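Given next are the chains, with one letter for each unit.
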Amino acid sequence: MFSTAERVRTILPGVEVRTGYIELQPPDPATALEGLVDPVVLPFFLARGYHVLNDVPAAVDRHGSGTVTEHLGVEEHLVEAVAQRLHEASTPLGGIAGLDHVVLGAAGSRQAAALEEVEAITCLLEARLGRRVTPAYLSGARPGVRDAVSTARARGARRVGVATYLLAEGRFHRALHSTGADVVAVPIGDHPEVAELVVHRYREMVA
């Protein structure tokens, strides 16, 4: 399985690609930026939450140079990645056509801008799948994913699939498996479409 960084290095062989993490694991942003002059820094987050608005710009400011790109945001690349992951997960049930209802499972945020972006992605995913999708959250916003699954069942859905709107495995993704859904897609972080979006963000900045 290729990581996003490995995929980006393949697409941009002449560009040094480093990774850093705001919390939970090393290297931290200061270590990742060490020795770089005017780096291009991409906030590797799906929505415009606190890390995008505060932590990443602050890390670049402390470093003393660098340009921060847009975060991943509302892009068709992400919609395609989510749709493909859901299709893969639902194949034993006959694919997405075998699901009666789809819930988009997102991390959630207290930032209104982040929730608006999840709603926008939901609309794009509905168009991509040709069916209604309910946005739901694991923290910081309502409805919760478990509640969205329960509501779908109460309205007659026999098979409910969760389209995972997360970048990586971890506590949030594990929580999706206890929401009562029949199908839970894997995160999208290592999907080729996400790497293509990272490259697009970089090229936008250096053009």
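Residues numbered from 1 in each chain as written. Predicted model: local features only at pLDDT ≥ 70, side-chain atom pairs only at ≥ 80, totals over all residues. Heavy atoms only, no water.

Of the regular secondary structure elements, the chain holds eight helices and six strands. N-terminal to C-terminal, the α/β element order of the chain is α-α-β-α-β-α-β-α-β-α-β-α-β-α. The C-alpha atoms of the chain give 18 Å as radius of gyration, which agrees with the globular expectation for 207 residues (17 Å, within 12%). Overall, the C-alpha framework of the chain stretches about 55 × 35 × 25 Å when taken along its three principal axes. (Helix = DSSP H or I, 4+ residues; strand = E, 2+ residues; numbered from the N terminus. Rg over C-alpha atoms; globule rule 2.2 N^0.38 Å.)

A separate point is the environment of Leu36. The residue Leu36 is located in the loop between α2 (29-33) and β1 (40-41) in this model. Between the alpha carbons of Leu36 and Ala113 there is a distance of 31 Å; along the sequence they are 77 residues apart. With sequence-adjacent residues up to four places away left out, Leu36 is seen in contact with Glu16, Arg18, His63 and Ser65. (Contact = heavy atoms within 4.5 Å.)

With parallel pairing, the four strands of this open sheet are ordered in space as β4-β3-β5-β6. Every interior strand has two partners, whereas the edge strands, β4 (133-137) and β6 (183-184), have only one. As paired strands, strand β5 (residues 160-165) and β6 are joined by two bridges and run parallel to one another. Bridging across to β6, Val162 finds its partner in Val184. Lying on the sheet, helix α4 (residues 76-90) is in contact with β3 (101-106), β5 and β6; it crosses β5 at an angle near 140 degrees. (Pairing = 2+ DSSP bridges. Axes fitted to C-alpha atoms, helices over the stretch in contact; angles between N-to-C directions.)

Now for unusual backbone geometry. Between Pro26 and Pro27 the backbone carries a cis peptide bond, its omega angle lying at 0 degrees. Note that the residue after Arg142, namely Pro143, is joined by a cis bond; omega there is 5 degrees. With respect to the secondary-structure elements, Pro143 resides in the loop between β4 and α6 (145-154). Within the chain, Asp38 stands out as a residue other than glycine whose phi angle is a positive 50 degrees. Considering the arrangement of structural elements, one finds Asp38 in the loop between α2 and β1. Given a relative accessible area of 47%, Asp38 falls into the partly exposed group. (Buried < 20%, exposed > 50% of the residue type's maximum accessible area, 1.4 Å probe, protein only.)

We now examine the domain arrangement of the chain. Reports often express the size of an interface as the amount of accessible area lost when the parts come together. According to the domain assignment, the chain consists of domain 1 (4-72 + 192-206) and domain 2 (76-184). The C-alpha-based centres of domain 1 and domain 2 are spaced at 26 Å. With both sides pooled, the region where domain 1 packs onto domain 2 buries about 1,200 Å², and carbon together with sulfur makes up 72% of that total. When the area that domain 1 buries against domain 2 is broken down by residue, the three leading residues are Leu46, Arg48 and Glu193, summing to 48%. Between domain 1 and domain 2 we count one salt bridge in total. One salt bridge in this structure joins Arg48 and Glu117, with 3.8 Å as the shortest N-O distance. (Domains from an automatic or database assignment. Buried area = accessible area lost by both parts, 1.4 Å probe. Salt bridge = Lys/Arg side-chain N within 4 Å of Asp/Glu carboxyl O.)

In terms of burial, β5 is a largely internal element, six of the six residues being buried. By the alternation rule, side chains of β5 split into Val160, Val162 and Thr164 and Gly161, Ala163 and Tyr165, which are all buried. Two elements, β3 and β5, share six bridges in a ladder whose sense is parallel. Counted as the bridge partner of Val102 is Gly161 from β5.

What follows deals with helix α5 (residues 112-129). Look at α5: 26 Å from first C-alpha to last across 18 residues, which is about the 26 Å you get at 1.5 Å a residue. If you check which residues of α5 are buried, you get Ala114, Glu117, Val118, Ile121, Thr122, Leu125 and Leu129. Taken end-on, α5 shows its buried residues confined to a sector of 150 degrees, consistent with a single buried face. What points out from α5, more than 90 degrees from its buried face, is the exposed set Glu116 and Ala127. Residues of α5 that are buried make contact with α4, β3, β4 and β5. Phi for Gly130, located one or two positions after α5, is positive at around 70 degrees. (Expected span 1.5 Å × (residues − 1). Arc of directions from axis to C-beta.)

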